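Each chain, letter by letter, is given below.
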Amino acid sequence: MADLITGIQQIGIGVVNAEEAFKWYNKTFNLNIPLFDDVAEAKLMVKYTGGNIRQRRAIMALNIAGGGGAEIWESKRPLPIPCPFEPAFGDIGIYAAKIKCQSLGEFAHQNNLKVSPGPDGKPVVWMFDPYRNPLQIVEDDSWFKPKTSNTGGVFGAVIGVSDIEKALPLYRDGLGLEEVVYDKTGTFEDIDNTEIYRRVLLRKKEAATGAFTRLIGNTEIELVQALDRTPKVIMEGRTWGDLGFIHLCFDTLDMDTLGARLNTLGHPFTVDSANSFDMGEAAGRFTYIEDPDGTLLEFVETHKVPVLKKLGWYIDLKKRGTHKKLPNWMIGALGIGKVK
């Protein structure tokens, strides 16, 4: 299967205060590069905002060590609504972001966290950000600049689904996450409860092509189905841009071909910017689909990326092409803008 997706570009996190959230993710995970910091109106997303145009501030935070980013998303108008309950493992939607790490023991010790065996026996750490969003920290072997940080960026998510068999064709076949690392049913030590779940971990190794493949590295999605209870829907009664995880975004190499593939699987684009959208400091084409439970997945075909904004230096991928790998020095130059 041809690579149409490089991996996770970013996960959207709705917060009350973007500046405060950026500082925490910077301090905790070295997500210290604000690739863009933009205030605008999300006019194309009215399908998912109750017909209202949300005004928002978005900060795209990266870690040059490797991995995708966190798109820290503050709705300024209307004000964002919190989930009326604390999401539980297995609830429907994006439950947790997966953060990559080199030495999990060191990270756990520094942050006074418990290390537990995951379903495959490998160690995992669970924690919350200051806004009660669950984060799963796991070790990974794909790094761009490993000496810069023990932790990297986002390289996946834990997603609750109502039926794994219905979700697999999209995530495995449509998105190219073809390696099934495990498919286990039972109780699990790492989540610290006695309920029964089916857990399927899908992985895509670092892509062979793509401008940012060296930075993004591996990708993992864990699908979770609660078998002992009827799960709640995390975003029920709320809209895109409210508090919590609002979308999972994939770096896309060929939007038209991807759209045709997803359409055959019954997941057509529900939002499509069609041409290049402009976020001031970055540009590209973005689309959205819904998974079988309505969880929002975003795809971005990047056209312009800022490198040295003060000098007006941008990478133009419309001319260069999305499939060709960027040289290491050019990706590394993104780190010049990091915030201590």
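This section reports on the structure supplied with the text. Counting starts from 1 at the beginning of each chain's written sequence and moves along it residue by residue. Local features in this predicted model are restricted to residues of pLDDT 70 or higher, and side-chain atom pairs are both shown and tallied only at a pLDDT of 80 or more, whereas totals for entire chains, interfaces and linings draw on every residue. Excluded from the side-chain calculations are hydrogens and water; all other atoms, namely the structure's heavy atoms, are used.

Gaps between atoms show up when a probe of the same size as a water molecule is rolled over them. The definitions used throughout rest on a 1 Å grid laid over the protein atoms alone, on which a cavity is an enclosed set of points accommodating a 1.4 Å probe that cannot get out and a pocket is an open set flanked by protein within 12 Å on both sides along at least five of seven lines; lining residues are those having an atom within 4 Å of a point. Grid points are joined across faces, edges and corners, and a volume is the space filled by probe spheres set on the points. Counted by the stated rule, this structure contains one cavity of 30 Å³ or more. If you go around the largest cavity, the residues you meet are Ala211, Phe212, Asp251, Thr252, Leu253, Thr302, Leu317 and Thr322.

For strand 16 (residues 283–290), the tally of buried residues reaches seven of eight residues, placing the bulk of the element in the interior. When DSSP finds two or more bridges between two strands, those strands count as paired. In DSSP terms, a helix is any run of H or I states spanning at least four residues, a strand is any run of E spanning at least two, and both are numbered starting from the N terminus. Taken together, the two bridges between strand 14 (residues 271–272) and strand 16 define a ladder with antiparallel strand orientation. Each residue of the ladder has a partner; that of Asp272, found in strand 16, is Thr287. Burial here depends on accessible area, computed with a 1.4 Å probe over protein chains only, as a share of the maximum for the residue type. Under 20% is buried, over 50% is exposed, and the range in between is partly exposed.

To continue, consider helix 5 (residues 255–264). Inspection of helix 5 places Met255, Leu258, Gly259, Arg261 and Leu262 among the buried residues, and these make up the whole buried set. Seen end-on, helix 5 carries its buried residues on one side only, within an arc spanning 165°. Facing away from the buried side of helix 5, by more than 90 degrees, are the exposed residues Asp256 and Thr264. Just downstream of helix 5, Gly266 is the residue with a positive phi angle, here 85°. The arc refers to the directions leading from the helix axis to the C-beta atoms.

What follows concerns the packing of aromatic side chains. Stacked, edge-to-face and tilted are the three classes for Phe, Tyr and Trp ring pairs, Trp counted by its six-membered ring, which pair at centre distances within 6.5 Å; planes under 30 degrees apart are stacked, over 60 edge-to-face, the rest tilted. Enumeration over the complete set of coordinates arrives at 12 aromatic pairs. Between Tyr25 and Phe29, the aromatic rings sit 6.2 Å apart at their centres with planes inclined by 35°, giving tilted as the arrangement. One end of the pair is Tyr25 and the other is Phe29, both in helix 1 (residues 18–29) and four residues apart, which spans about a single turn. On the basis of relative accessibility, which here comes to 2%, the residue Tyr25 falls in the buried class. Look at Phe29 and you get buried, because its relative accessible area is 0%. Ring geometry for Tyr95 against Trp126: centres 6.0 Å apart, planes inclined by 55°, an arrangement best described as tilted. Placement of the pair is Tyr95 in strand 5 (residues 93–101) and Trp126 in strand 7 (residues 123–128), with a sequence separation of 31 residues. In this structure, Tyr95 and Trp126 share a single accessibility class: buried. Chaining the aromatic ring pairs together yields one cluster made of Trp24, Tyr25, Phe29 and Phe107. Whether a charge sits over a ring depends on NZ of Lys or CZ of Arg being within 6 Å of the ring centre and within 35 degrees of the ring normal. Directly above the ring of Trp143 sits Lys100, whose terminal nitrogen or CZ lies 4.9 Å from the centroid. Taking the ring centre of Phe85 as reference, the NZ or CZ of Lys232 above it sits at 4.6 Å.

Taken in spatial order, the eight strands make up an open sheet running 6-7-8-5-9-12-11-10, and their pairing is mixed. Since the sheet does not close on itself, it has two edges, and those belong to strand 6 (115–117) and strand 10 (179–186), each with one partner. Pairwise comparison of adjacent strand axes, ignoring direction, gives a mean angle of 25° for this sheet. When strand 9 (residues 151–160) meets strand 12 (residues 219–226), the two strands line up parallel, connected through five bridges. The residue bridging Ile159 from the neighbouring strand is Leu223, located in strand 12. Residue contacts follow a heavy-atom distance rule, with two residues in contact if any of their heavy atoms lie within 4.5 Å. Axes here refer to lines fitted to C-alpha atoms; in helices the fit is confined to the stretch in contact. Angles between the N-to-C directions go from 0 to 180 degrees. Those strands touched by helix 3 (residues 164–174) are strand 9, strand 11 (197–204) and strand 12, and its axis lies near 5° from that of strand 11.

This next bit is on the side chain of Ser116. Along the chain, the position of Ser116 falls in strand 6. The class of Ser116 is buried, set by a relative accessible area of 6%. Not counting residues up to four positions away in its chain, the partners in contact with Ser116 are Lys122, Pro123, Val124 and Asp190.

Here helix 3 crosses helix 5 at 155°, and the two axes come no closer than 10 Å. As summarised for this structure, helix 3 and helix 5 are arranged roughly antiparallel, according to the angle between their axes. The hand of the helix 3/helix 5 crossing is right-handed. The segment helix 3 lies against helix 5, with Leu170, Asp173 and Gly174 engaging Leu258, Arg261 and Leu262. Here roughly perpendicular refers to angles of 65 to 115 degrees, roughly parallel to angles under 35, roughly antiparallel to angles over 145, and oblique to all remaining angles. Handedness of a crossing is defined here by the sense of rotation of the near helix relative to the far one, left-handed for an anticlockwise turn of less than a right angle and right-handed for a clockwise turn.

So, on to helix 3. Those residues of helix 3 not exposed but buried are Ile164, Ala167, Leu168, Leu170, Tyr171 and Gly174. Identification of polar contacts relies on pairs of N or O atoms within 3.5 Å, with a donor-acceptor requirement for protein atoms, meaning one able to donate a hydrogen and the other able to accept it, and with residues adjacent in sequence counted only if both atoms are side-chain atoms. Looking at where helix 3 begins, the residue whose side-chain oxygen comes 2.9 Å from the main-chain nitrogen of Glu165 is Asp163. Residue Gly176 follows helix 3 closely and has a positive phi angle near 80°.

Our next topic: the pattern of salt bridges. Counted as salt bridges are all cases of a side-chain nitrogen of Lys or Arg within 4 Å of a carboxyl oxygen of Asp or Glu. On inspection of all chains with the given rule, the structure shows 21 salt bridges. Arg57 is the salt-bridge partner of Asp37, the closest N and O atoms lying 2.7 Å from each other. With Asp37 in strand 2 (residues 33–42) and Arg57 in strand 3 (residues 54–62), this pair connects stretches of sequence that are 20 residues apart. Through salt bridges with shared partners, a single ionic network connects Glu19, Asp37 and Arg57.

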